[in-house]
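# An overview of the molecular structure
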Amino acid sequence: MTTVKSLRQSGYKVRVNHQRKMQGEALSPFGGLTRIEITTPEGKDLAGEAKCSTKDNYNKKIGVSIALGRALKNA
């Protein structure tokens, strides 16, 4: 299984961005977006996104896993 850590150790540049909405003065536990951008050692750029339904609790690990899979699928 490919992980962000293993890609970084192999010379890939990996950027992970989590976005969530505010609910009053606090972050909403529902919905969200995780975006991963990867630059290969050869300079090719890849990207993947995972959107969480506003009915589901946001989970960073699941978001990273889905976005990473989608980015690598586009390779």
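First, a word on scope: everything that follows refers to the structure included in this document. Being a predicted model, the structure only gives us computed values, none of them experimental.

## Points about the overall build of the chain
Counting its secondary structure elements, the chain contains two helices and five strands. Written out in order from the N terminus, the α and β elements of the chain read α-β-β-β-β-β-α. Seen through its principal axes, the chain has C-alpha atoms that stretch 45 × 20 × 15 Å. Across the 75 residues in the chain, those meeting the buried criterion constitute 27%. For the chain, long-range pairs separated by at least 24 residues make up 45% of all intrachain contacts whose partners lie at least 6 apart in sequence. Of the roughly 5,400 Å² that the chain leaves accessible, carbon and sulfur atoms contribute 49%.

## A few points about the sheet that holds strand S4 (residues 30-39)
Spatial strand order, S1-S4-S5: three strands in an open sheet with antiparallel pairing. The two strands at the open ends of the sheet, each matched to only one other strand, are strand S1 (13-19) and strand S5 (45-57). The sheet shows a mean angle of 10 degrees between the axes of neighbouring strands, direction not considered. The pairing of S4 with S5 spans nine bridges and is classified as antiparallel. Residue pairing in the sheet places Leu-33 in a bridge with Lys-51 of S5. Sheet strands in contact with helix H2 (residues 60-73) are S1, S4 and S5, and its direction is about 145 degrees off that of S5.

## Observations regarding the nonpolar core
Counting residues in each nonpolar core, the largest one holds 11 residues, listed as Val-4, Leu-7, Val-14, Ile-36, Ile-38, Leu-46, Ala-50, Val-64, Ala-67, Leu-68 and Ala-71. Sorting elements by how many residues they give to this core places H2 first, with four residues. Setting aside residues up to four positions removed in sequence, Leu-46 forms contacts with Ile-36, Glu-37, Ile-38, Thr-40, Ala-71, Leu-72, Asn-74 and Ala-75.

## Some remarks on the side chain of Thr-34
Position of Thr-34 relative to the elements: it lies in strand S4. What makes Thr-34 buried here is its relative accessible area of 0%. A polar contact of 3.0 Å, which involves the side chain of Thr-34, links it to the side chain of Tyr-58. Setting aside residues up to four positions removed in sequence, Thr-34 forms contacts with Val-16, Asn-17, His-18, Gly-48, Glu-49, Ala-50, Tyr-58, Gly-63, Val-64 and Ala-67.

## Thoughts on the pattern of salt bridges
Here the structure, examined in full by the defined rule, presents three salt bridges. Members of the salt-bridge network, linked through shared partners, are Arg-15, Arg-35, Glu-37 and Glu-49.

Definitions and cut-offs
Residues numbered from 1 in each chain as written. Predicted model: local features only at pLDDT ≥ 70, side-chain atom pairs only at ≥ 80, totals over all residues. Heavy atoms only, no water. Helix = DSSP H or I, 4+ residues; strand = E, 2+ residues; numbered from the N terminus. Buried < 20%, exposed > 50% of the residue type's maximum accessible area, 1.4 Å probe, protein only. Contact = heavy atoms within 4.5 Å. Areas by Shrake-Rupley, 256 points an atom, 1.4 Å probe, with all protein chains shown as cover. Pairing = 2+ DSSP bridges. Axes fitted to C-alpha atoms, helices over the stretch in contact; angles between N-to-C directions. Core = buried A, V, L, I, M, F, W, Y, C linked by side-chain atoms within 4.5 Å. Polar contact = N/O pair within 3.5 Å; in protein donor to acceptor, adjacent residues only side chain to side chain. Salt bridge = Lys/Arg side-chain N within 4 Å of Asp/Glu carboxyl O.

No statement about biological role is implied by the geometric values presented.
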